[in-house]
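Coordinate inspection notes
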Amino acid sequence: QVQLVESGGGTAQAGGSLRLSCLFSGRTVSRFVTTWFRQAPGMEREFVATASHAGIYYADSVEGRFIISRDNGKRTVDLQMNDLKPEDTALYYCAGRFGGDVPPPMVAGDYDYWGQGTQVTVSS
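Residues numbered from 1 in each chain as written. Predicted model: local features only at pLDDT ≥ 70, side-chain atom pairs only at ≥ 80, totals over all residues. Heavy atoms only, no water.

To continue, consider the overall build of the protein. Looking only at helices and strands, the protein features zero helices and 11 strands. Seen along its three principal axes, the alpha-carbon backbone of the protein occupies a region of about 40 × 25 × 25 Å. Out of the 124 residues belonging to the protein, those deemed buried represent 44%. In the protein, once contacts between residues fewer than 6 apart in sequence are set aside, the share between residues at least 24 apart is 60%. Entry remark: accessible area of the protein is about 6100 Å², with carbon and sulfur atoms responsible for 48%. In the protein, 11 side chains carry a positive charge and 13 a negative one; their mean positions are 7 Å apart. (Helix = DSSP H or I, 4+ residues; strand = E, 2+ residues; numbered from the N terminus. Buried < 20%, exposed > 50% of the residue type's maximum accessible area, 1.4 Å probe, protein only. Contact = heavy atoms within 4.5 Å. Areas by Shrake-Rupley, 256 points an atom, 1.4 Å probe, with all protein chains shown as cover. Lys, Arg positive; Asp, Glu negative; His and termini not counted. Charge placed at Lys NZ, Arg CZ, Asp CG, Glu CD.)

And the structure:
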């Protein structure tokens, strides 16, 4: 049984920073892909960043501003969000799947495990 639990998030002003953390548990960490997605109201869930044995990848919209980091010993995957913009406002989800694809999938439908989501709101 795999579980993902997000923490962090909240409200920030444009240009500010927030940090999200996801704790994943269950089974082995080998070949377990951890990915952050986000969903704004009325929009589809979109890829943000991923970290796994297959490497680190970012969406173009967050490249250079967000940093994903993973600690297999602690079983955490964090998302440091800098230079936040109002368009970063969304519900952020941590997702996981087992697999060896390189690069890993960047579509929400390809993930089997999800956290409950954490809200990020950026004011202008």
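It is worth spelling out the state of the cysteines at this point. Overall, the coordinates contain one disulfide when judged by the stated rule. Note on cysteine connectivity: C22 is disulfide-linked to C94, with sulfurs 2.1 Å apart. Here C22 and C94 share a disulfide; its torsion about the S-S bond, -80 degrees, makes the bridge left-handed. Highlighted residues: C22 in strand 3 (residues 18-25) and C94 in strand 9 (residues 90-98), separated in sequence by 72 residues. Since its relative accessible area comes to 0%, C22 is described here as buried. Taking the relative accessible area as the measure of exposure, C94 reaches 0% and is therefore buried. (Disulfide = S-S within 2.5 Å.)

Attention shifts here to the sheet that holds strand 3. Read from one edge of the open sheet, four strands run 1-3-8-7, paired in antiparallel fashion. Both edges of this open sheet fall to strand 1 (3-8) and strand 7 (66-71), since each of them pairs with a single strand only. Mean inter-strand twist for the sheet, computed between neighbouring axes without regard to direction, equals 15 degrees. Of the strand pairs in this sheet, strand 7 and strand 8 (residues 76-81) are connected by six bridges, and their pairing is antiparallel. Within strand 8, the position partnered with S69 by the bridge is D78. (Pairing = 2+ DSSP bridges. Axes fitted to C-alpha atoms, helices over the stretch in contact; angles between N-to-C directions.)

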